[in-house]
Amino acid sequence: MRRKFKIFLILCLCFTLLTGLFLPSHAADFPDEAVMAAVAAHLCESIPAPGLGSVGGEWAVMGLARAGSAVPDGYYVRYYANLLSEVNARQGVLSDRKYTEYARVILALTALGADPADVAGYDLLTPLGDCEATIWQGLNGPVWALIALDSGGYDMPVNAGAKTQATRERYLEAILAAQNPDGGFSLAGGSVSDPDMTGMALQALARYMEREGVAAAVERALACLSERQRTDGCFETNGVPTLESTAQVVVALCELGVPLDDARFAKENGGLPDGLMRFYSGDGTFRHDLAGGGDDLMATEQGFYALVAAHRARQGRQSLYRMGDAPDLLGGAKGAGLPGRHPDVKPLSVIFSDVAFSDIGGLESGAAISGLAARGVLSGRGDGRYDPAGSMTRAEFCKAVVLTLGLTPAPDGRFSDVVPDGWYAGYVGAAAKYGIVNGVTDDTFAPARTITRQEAAAMLMRAAKLAGLDTALDGAAVTRQLAAFDDGRLVAPFAREALAFCYDKGIFDDGRMEIRPAVPVTRAEVALSLWNLLTAALLA
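Here goes a summary of the coordinates provided. (Residues numbered from 1 in each chain as written. Predicted model: local features only at pLDDT ≥ 70, side-chain atom pairs only at ≥ 80, totals over all residues. Heavy atoms only, no water.)

### Section: helix 3 (residues 58-67)
Point 1. Counted residue by residue, helix 3 has 10 buried out of 10 residues, so it is predominantly covered.
Point 2. Taken together, the buried residues of helix 3 touch helix 2 (33-46), helix 4 (75-89), helix 5 (100-112), helix 7 (140-151) and helix 13 (296-315).
Point 3. In the segment just after helix 3, glycine 68 is the residue with positive phi, at about 70°. (Buried < 20%, exposed > 50% of the residue type's maximum accessible area, 1.4 Å probe, protein only. Helix = DSSP H or I, 4+ residues; strand = E, 2+ residues; numbered from the N terminus. Contact = heavy atoms within 4.5 Å.)

Below, the structure written as structure tokens:
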């Protein structure tokens, strides 16, 4: 009898072990923090300089920020600087059709503790106040508009140019009206719902459960997702199991406060956490689909922020998109410059909105020329031309640098060849006062002489230090930078460190094989270098 009982116990134990291999994982242990750290490290390595973009941009930045991940020094500041450059180049218009561009940027900025209503002087919230323009894109428009505006508790922006002023109610109604008969949602409507779009719609609706009809719509959508979930825990889009569709459902449940081990999403061969992790490659990356096709960087970004959403839910913290707890991750650098800038250096505002030159179309420096002209730093030749290939005098360059930093012109009589009542006297005086210029001798400046590239570099490095940039380079670093150019040995001793700094910080373009240190700097190069300085110093 005892022997039979022991056999019975052994059989029960074996059954438990075997069936345990196929039971859904316990969501309380999900996600693994080591996996999160590995994915975060991979993102930082793969995207060293994030910028505006649906891949390699805001989703990675937002995920890392909401995770509190360790990132390289200056990582978020580099993103913000790149964003400033793009916003300026586009004059505040991220897209004239896809308003999800604004929503995505708003989410990243909110996660960083920055103000999306003031990015280089442009209000990136305002476009979402245009109801028709936002909804034109399909269901994506109102869904992401609500998620973005709610992330920071922003008031609905007033858009004076909108044919129909948006309200939260209008966006909410647009989402509810798009619900399919099966309870799910799809981008362009239709009878077959997409788990990806259904997950996103639920993320937007999560804040409005008290509104009439919302809770019922959410329950119908959850029932649809439960029915559409595969037995291995994954979700499909167009018949293919994808990381993105699975990740959006994970985020949706976390936003709704629904446990990831909810019985509706625990299938015979795995639960929702298992479904997500089936796409994990084990090396800090996620695959788009189980066959290894598609954009793996996009999949890794979405897989990561789904892990972050689950991690925050597990810790009982505010959800991924409820960002009232977002810290200031830019260290105060929100368009007002770096913390170490001189107090007299001021960010510039756009003062001319209609500046245009006939000869800068197609130029790499075109956006920089327009941006600086709009801020009163640069001007044309008086005939509608900027003359990008022309040169500048030392006095003209000095004026441009002083205006770029927002310094107040003031003559000081230091140089004997600077006429006291000359148009340039105040600019040279201010530059001398703040250590930007030293003169060609102790008491002469040579204001009418054409400025060379190495002379411009020297002024730019001193201006950069005043703007708060770290200009220190050791001798070995200077040698390495200059050795990369065929004529690096021709640089004058006074300009070696300055030129190395300008190339190291991207103020000068290093795409050419020659520095041409004694060649006059062109007006196009002046614009690009000053714009790059503004961007690097977060003053643009």
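### So, the nonpolar core
Point 1. Formed by 175 residues in total, the largest nonpolar core has its most connected members in Val143, Tyr321 and Ile436.
Point 2. Those residues in contact with valine 143 that sit more than four places away from it in its chain are Ile175, Met197, Met200, Ala201 and Ala204. (Core = buried A, V, L, I, M, F, W, Y, C linked by side-chain atoms within 4.5 Å.)

### Thoughts on unusual backbone geometry
Point 1. Cis geometry is found at the peptide bond from phenylalanine 30 to proline 31, where omega equals 5°.
Point 2. Secondary-structure assignment places proline 31 in the loop between helix 1 (2-20) and helix 2.
Point 3. Phi angles above zero are rare outside glycine, and aspartate 387 is one such case at about 65°.
Point 4. Considering the arrangement of structural elements, one finds aspartate 387 in the loop between helix 14 (366-374) and helix 15 (394-404).
Point 5. For arginine 516, which is not glycine, the phi dihedral falls at a positive 55°.

### Focus: the pattern of salt bridges
Point 1. Tallied over the entire structure, the rule returns 18 salt bridges.
Point 2. The partner of aspartate 232 in a salt bridge is arginine 230, and the shortest N-O contact between them spans 2.8 Å.
Point 3. Judged by relative accessible area, which is 24%, arginine 230 ranks as partly exposed.
Point 4. Notably, a salt bridge pairs aspartate 262 with arginine 264, separated by 3.0 Å at the nearest N-O pair. (Salt bridge = Lys/Arg side-chain N within 4 Å of Asp/Glu carboxyl O.)

### Some points on empty space enclosed by the protein
Where empty space is left becomes clear once a probe the size of a water molecule has been rolled over the atoms.
Point 1. Here the structure, examined in full by the defined rule, presents 1 cavity of 30 Å³ or more.
Point 2. One number sums up the size of the largest cavity: a volume of about 50 Å³.
Point 3. The wall of the largest cavity is formed by Leu146, Ile147, Asp150, Gln203, Ala204, Arg207, Glu255 and Tyr321.
Point 4. Within the residue set of the lining of the largest cavity, elements represented by two or more residues are helix 7 and helix 9 (195-205). (1 Å grid on protein atoms, 1.4 Å probe; cavity = no way out; pocket = protein on both sides within 12 Å on 5 of 7 lines; lining within 4 Å. Points joined across faces, edges and corners; volume = space filled by probe spheres on them.)

### Thoughts on helix 5
Point 1. Look at helix 5: 19 Å from first C-alpha to last across 13 residues, which is about the 18 Å you get at 1.5 Å a residue.
Point 2. In terms of burial, helix 5 is largely enclosed, as 13 of its 13 residues are buried. (Expected span 1.5 Å × (residues − 1).)

### With respect to the packing of helix 9 against helix 10 (residues 214-228)
The relative placement of two packed helices comes down to the angle between their axes together with the axis-to-axis distance.
Point 1. In contact at an axis separation of 10 Å, helix 9 and helix 10 are set at 150° when each is read in the N-to-C sense. By the criterion of interaxial angle, the relationship of helix 9 to helix 10 is roughly antiparallel. As for how helix 9 packs across helix 10, the hand of that crossing is left-handed. Across from Pro195, Thr198, Leu202 and Leu205 in helix 9, the residues of helix 10 making contact are Val214, Val218, Ala221, Leu222, Leu225 and Arg228.
Point 2. Split by residue class, the contact of helix 9 with helix 10 holds 8 nonpolar, 1 polar and 1 charged. (Axes fitted to C-alpha atoms, helices over the stretch in contact; angles between N-to-C directions. Parallel < 35°, antiparallel > 145°, perpendicular 65-115°, else oblique. Left-handed = near helix turned anticlockwise from the far one by under 90°. Nonpolar A, V, L, I, M, F, W, Y, C, P; charged D, E, K, R; others polar.)

### Quick look at the environment of leucine 83
Point 1. Considering the arrangement of structural elements, one finds leucine 83 in helix 4.
Point 2. Under the relative-accessibility criterion, leucine 83 is labelled buried at 0%.
Point 3. Leucine 83 sits 33 residues away from proline 50 along the chain, and the two C-alpha atoms are 8.8 Å apart.
Point 4. Leaving out residues up to four positions away in the same chain, leucine 83 has contacts with Leu52, Glu58, Val105, Leu109 and Val119.

### Remarks on the packing of aromatic side chains
Pairs of aromatic rings are described using the distance from one ring centre to the other and the angle between the two planes.
Point 1. Using the criterion set out here, one finds 11 aromatic pairs in the structure.
Point 2. Summarising the aromatic geometry, the rings of tryptophan 59 and tyrosine 305 are spaced 5.5 Å apart at their centres and angled 40° between planes, so their arrangement reads as tilted. With tryptophan 59 in helix 3 and tyrosine 305 in helix 13, the pair connects residues that are 246 residues apart, well separated along the chain.
Point 3. Overall, tryptophan 59 belongs to the buried group, its relative accessible area being 12%.
Point 4. Owing to a relative accessible area of 1%, tyrosine 305 belongs among the buried residues under this scheme.
Point 5. Ring geometry for tryptophan 144 against tyrosine 321: centres 6.0 Å apart, planes inclined by 90°, an arrangement best described as edge-to-face. Here tyrosine 321 lies in the loop between helix 13 and helix 14 and tryptophan 144 lies in helix 7, a separation of 177 residues in the sequence.
Point 6. An aromatic cluster is present here, built from Trp59, Trp144, Tyr305 and Tyr321 joined pairwise through their rings.
Point 7. Positioned above the aromatic ring of phenylalanine 508, the side-chain terminus of arginine 453 is 5.0 Å from the ring centre. (Phe/Tyr/Trp six-rings, centres within 6.5 Å; stacked < 30°, edge-to-face > 60°. Lys NZ or Arg CZ within 6 Å of the ring centre and 35° of its normal.)

### Here we look at the side chain of asparagine 159
Point 1. Position of asparagine 159 among the secondary structure elements: in the loop between helix 7 and helix 8 (168-177).
Point 2. Using a relative accessible area of 15% as the deciding quantity, one classes asparagine 159 as buried.
Point 3. Setting aside chain neighbours within four positions, we find asparagine 159 in contact with Thr126, Pro127, Gly129, Asp130 and Gln165.

### Quick look at the state of the cysteines
Point 1. Taken as a whole and assessed by the stated rule, the structure comprises 0 disulfides.
Point 2. The thiol of cysteine 224 is unpaired, and the distance to the nearest cysteine sulfur, on cysteine 234, comes to 17 Å.
Point 3. Cysteine 234 carries a free sulfur, and the closest cysteine sulfur to it, the one in cysteine 254, is 16 Å from it. (Disulfide = S-S within 2.5 Å.)

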